[in-house]
Amino acid sequence: MKRLSLSLLLVSLFVASTFVFAHEGNEHVRGVVTQVSPQSITLQTTDKKTRTLTLTAKTTFQRGGKVAHLADLNVGDRVVVDVPEKSTEAVLIQIGTAAAPAAAKAAPATKLDIAFLARPAKTGENTFEVLVKDAGGKPVTGADVSVGLFMPAMPAMKMPEMRNNVTLKHEGGGKYTGTGQVMVAGTWTVTVSVKQNGAEVAQKKLTMTVR
């Protein structure tokens with residue numbers, strides 16, 4: 001009986017040491033899944049390299065310590081893959097959370113020189129003129145330019161807020177003009193908006209005193 005117990009102990013130690021050796025012989029490949037197929041997966045590794053690993057009948061999957069399957073693996077998932085050294089076969093794929101999408105790069109701001117002129121600034125009909133040039137001093141043509149006028153409410157005078165928007169036309173050479181009404185005297189907030197292809201590319205805010 002003692003000999004049998006000793007033999008079982010030796011076998012157990014041999015199996016355990018073999019398992020540890022095999023586990024230690026695996027390479028842990030970390031990355032984000034970029035492609036999935038029944039035969040392989042492709043990763044972008046943490047060192048920004050692309051690596052394709054083969055899937056076999058022996059490949060196992062885990063998510064959160066529980067058994068998972070190939071169907072649980074999606075593009076964008078973070079994974080840690082056990083791969084034997086000098087091999088491309090995936091032994092164990094541990095599935096983590098999906099990688100956060102890369103932030104979209106904001107379009108570079110358009111630097112424009114906007115000059116505004118109201119001739120003269122008075123109550124009633126006014127002529128507005130806007131000159132638009134790019135950073136190099138060249139006239140900007142073909143843009144959609146408008147002038148927004150705003151005066152906040154004055155409850156003490158029982159006067160509601162007032163707004164008016166004037167669309168200007170291109171006269172050539174980056175000069176845009178148009179006429180619009182200024183209802184009362186006072187200080188108005190003026191917003192000049194420049195749009196191209198339907199999107200605002202520049203804006204300028206200033207004040208205009210009307211007497």
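Figured I'd write up the structure that's included with this text.

Our focus in this paragraph is unusual backbone geometry. Positive phi outside glycine occurs at Lys48, with the angle close to 65°. Within the secondary structure, Lys48 is located in the loop between β2 (40–45) and β3 (50–54). Classification of Lys48 as exposed rests on a relative accessible area of 65%. Phi at Lys158 takes a positive value of approximately 55°, unusual for a residue other than glycine.

What follows deals with the packing of aromatic side chains. For the structure shown, the criterion picks out 1 aromatic pair. On the basis of an interplanar angle of 25° and a centroid distance of 6.0 Å, the ring pair of Phe116 and Phe128 is categorised as stacked. Of the two residues, Phe116 is situated in strand β8 (residues 112–119) and Phe128 in strand β9 (residues 124–134); the sequence distance between them amounts to 12 residues.

Core analysis: the largest hydrophobic core is formed by 25 residues, its most contacted members being Phe116, Phe128, Val130, Val145 and Met208. When residues of this core are traced back to their parent elements, those giving at least two are β8, β9, β10 (144–151), β11 (162–167), β13 (175–182), β14 (186–196) and β15 (199–210). When sequence neighbours within four positions are dropped, the list of residues in contact with Met208 reads Phe116, Ala118, Ala121, Phe128, Leu149, Val182, Gly186, Thr187, Trp188 and Val190. Residues Val33, Leu53, Ala68 and Val81 belong to the second largest nonpolar core, which totals 15 residues.

Parameters at a glance
Residues numbered from 1 in each chain as written. Predicted model: local features only at pLDDT ≥ 70, side-chain atom pairs only at ≥ 80, totals over all residues. Heavy atoms only, no water. Helix = DSSP H or I, 4+ residues; strand = E, 2+ residues; numbered from the N terminus. Buried < 20%, exposed > 50% of the residue type's maximum accessible area, 1.4 Å probe, protein only. Phe/Tyr/Trp six-rings, centres within 6.5 Å; stacked < 30°, edge-to-face > 60°. Core = buried A, V, L, I, M, F, W, Y, C linked by side-chain atoms within 4.5 Å. Contact = heavy atoms within 4.5 Å.

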